[in-house]
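# Coordinate analysis (summary)
The chain contents come next:
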Amino acid sequence: MQTFTLEQVAQHITTSSCWVIIQNKVYDVTDFLFDHPGGANVILRYGGKDATAAYVPIHPSDALDKNLAPEKHLGTLDSESIKRLKESGKNKVPTKDELRVEEALKNKPPLQRIVNVEDMEEVAKKILPYRALAYYSSAGDDCITHVENGRAFGRFFFHPRVMKPVSQCDTSTTILGYKSTIPVYISGAALARLGHPLGEANLTRGAYKTGIIQMASTNSSLSYAEISAARVSPDQPLFFQLYKHVSDAIAEKRIREIEGLGYKAVFLTVDALVPGNRELDIRAPHYLEDFENQGLPTQRKPDGDQGELDRLGTAGGLVIKNDADMTWEKTIPWIRSITKLPIVIKGIQCVQDAVLACEAGCEGIVLSNHGGRQLEYSLPPIELLYRIRQQRPDVFEKTEVYIDGGIRRGTDVVKALCLGARAVGLGRVFLYAQSAYGEAGVVHVVRILEREIRFGMQSLGVRSISELVPQMVERVDWQPVTCAKL
């Protein structure tokens, strides 16, 4: 294999010839510059340099093999250059954000002090690098939909039944025929390695230990094969969140790959076809620049039309190649033609589309507005679930219905199940948990939810999920007062 010096690589920094170093290997990425989802400038920033630190946390290990022809894998650095890179890494001065994270990790509370989901989020937000925090927590526009997703659960109150034997309470259910200890699954969420080096593997192993199901994202930071290999048992079910690529050939290859790896269902995402306006994520580079430059003199460009800043952020680059022309008539039959896996539509936001999904023969639907990260003022999923129950209760007989977005408590889960949901998905919560405490954090969150769900069921007077019925909840037109935590 050919070897290169740092000086040789450093000569290739333009759109006509751009090389990068990743884990001591040299790649010619020139032909890929303008196909990169985040745009050419993202790569050119590292042209002629070592891009390992920026690349590894957000790309699966097989990304280079899938996107670069073999002849573009040029070779490796020579031994002297590898030594120089290693030395420069040792001498690297930590950034202010890295120092902040280091201090936060020292003061992180023991896991047993985390008593609810909100506690976990608070810890994670302190220890996450700012770039990861901005990506995980960002929401669309003014974050109104994100907030209302959670507030909407406060409009639903219980009608508990008493004098019922509930000492033996079973929280288990099935999702697409696969057993789950609680009616909760890990919703597809990208880039888990931004928060923890093991990333999605923490979610996989935590799901196995607690008996719930993980949905892996198209945009996972581990490869689909690595996530599959992280399973403790080959019998552990995995679902796949599909962002359909604009190229049918690429999309087909992706579906066939995950089916071959043993994934059990395709959750087709339909509520994030184009980049959302997630301003916290968009502003992240500028915040970090200002944070690092505190107290230092800065040079400003003259005022005037400088064009609009890059509005993709970390999130936007992930969806830029999505198929924005999917239809019920074309896309569902096309997926059916290449796989026998169950198809679930993830991102239903109105009653009419829930009905169309049933007519298309989909095995499930997820009522979701992408966690409030896309269209501002899209209806909270629990409100949509209520409307389907009122207007088209037949939907629940024709397909499995799930919701995600705004779930913070076991009582939220129970409310959704009373209204007809089969299970609920949580995404951010599990990203926060694995970021703060790794696999143990994932297990801890499931245990919290299991305890809260069981308490809710017993307090309602039921012993099994099947006993939860619409008559047990009532929608009110007033909002409860939110009390301060004691």
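The structure this text deals with has already been given above.
Let me begin by describing the structure that accompanies this report.

How each quantity is defined
Residues numbered from 1 in each chain as written. Predicted model: local features only at pLDDT ≥ 70, side-chain atom pairs only at ≥ 80, totals over all residues. Heavy atoms only, no water. Helix = DSSP H or I, 4+ residues; strand = E, 2+ residues; numbered from the N terminus. Contact = heavy atoms within 4.5 Å. Axes fitted to C-alpha atoms, helices over the stretch in contact; angles between N-to-C directions. Parallel < 35°, antiparallel > 145°, perpendicular 65-115°, else oblique. Nonpolar A, V, L, I, M, F, W, Y, C, P; charged D, E, K, R; others polar. Core = buried A, V, L, I, M, F, W, Y, C linked by side-chain atoms within 4.5 Å. Buried < 20%, exposed > 50% of the residue type's maximum accessible area, 1.4 Å probe, protein only. Phe/Tyr/Trp six-rings, centres within 6.5 Å; stacked < 30°, edge-to-face > 60°. Lys NZ or Arg CZ within 6 Å of the ring centre and 35° of its normal.

This brings us to the environment of Leu 176. Its location among the elements puts Leu 176 in the loop between β7 (173–175) and β8 (178–180). Along the sequence, Leu 176 and Gly 364 sit 188 residues apart, while their C-alpha atoms lie 7.9 Å from each other. In contact with Leu 176, other than residues within four places in its own chain, are Phe 239, Ala 265, Phe 267, Pro 342, Val 344, Glu 363, Glu 400 and Tyr 402.

Here helix α6 (residues 96–106) crosses helix α7 (residues 117–127) at 140°, and the two axes come no closer than 8 Å. Relative to α7, the element α6 lies oblique. For the pair formed by α6 and α7, the contact residues are Arg 100, Val 101, Ala 104 and Leu 105 on the first element and Lys 125, Lys 126 and Ile 127 on the second. Here the contact of α6 with α7 is composed, by residue class, of 4 nonpolar, no polar and 3 charged.

Within the fold, Ser 223 resides in the loop between β10 (213–217) and α11 (224–229). In this structure Ser 223 touches Pro 60, Ser 61 and Asp 62, once residues within four positions along its chain are discounted.

A separate point is the nonpolar core. Among the nonpolar cores identified, the biggest contains 102 residues, and Leu 385, Phe 430 and Leu 468 are the most heavily contacted of them. In terms of residue count, the dominant contributor to this core is helix α20 (residues 428–460) (15 residues). Leaving out residues up to four positions away in the same chain, Leu 385 has contacts with Leu 367, Phe 396, Val 401, Ile 403, Ala 416, Leu 419 and Ala 421. Core analysis: the next-biggest nonpolar cluster, separate from the first, contains 15 residues, Val 20, Phe 32, Ala 40 and Ala 63 among them.

What follows concerns the packing of aromatic side chains. What the rule picks out here adds up to 11 aromatic pairs. With a centroid separation of 5.8 Å and an interplanar angle of 85°, the aromatic rings of Phe 240 and Tyr 263 are classed as edge-to-face. With Phe 240 in strand β11 (residues 238–242) and Tyr 263 in the loop between α12 (248–260) and β12 (265–269), this pair connects stretches of sequence that are 23 residues apart. Note on Phe 240: relative accessible area 0%, which makes it buried. Judged by relative accessible area, Tyr 263 falls into the buried class, the value being 1%. Each residue in the set Tyr 178, Tyr 185, Phe 239, Phe 267 and Tyr 402 is aromatic and connected to the rest through ring pairs, giving one cluster. In this structure, Lys 244 is placed above the aromatic ring of Trp 334, and the distance from its NZ or CZ to the ring centre is 5.1 Å. Between Arg 373 and the ring centre of Tyr 135, over which it is positioned, the NZ or CZ distance is 5.1 Å.

Remember, this is a structural readout, not a statement about activity or role.
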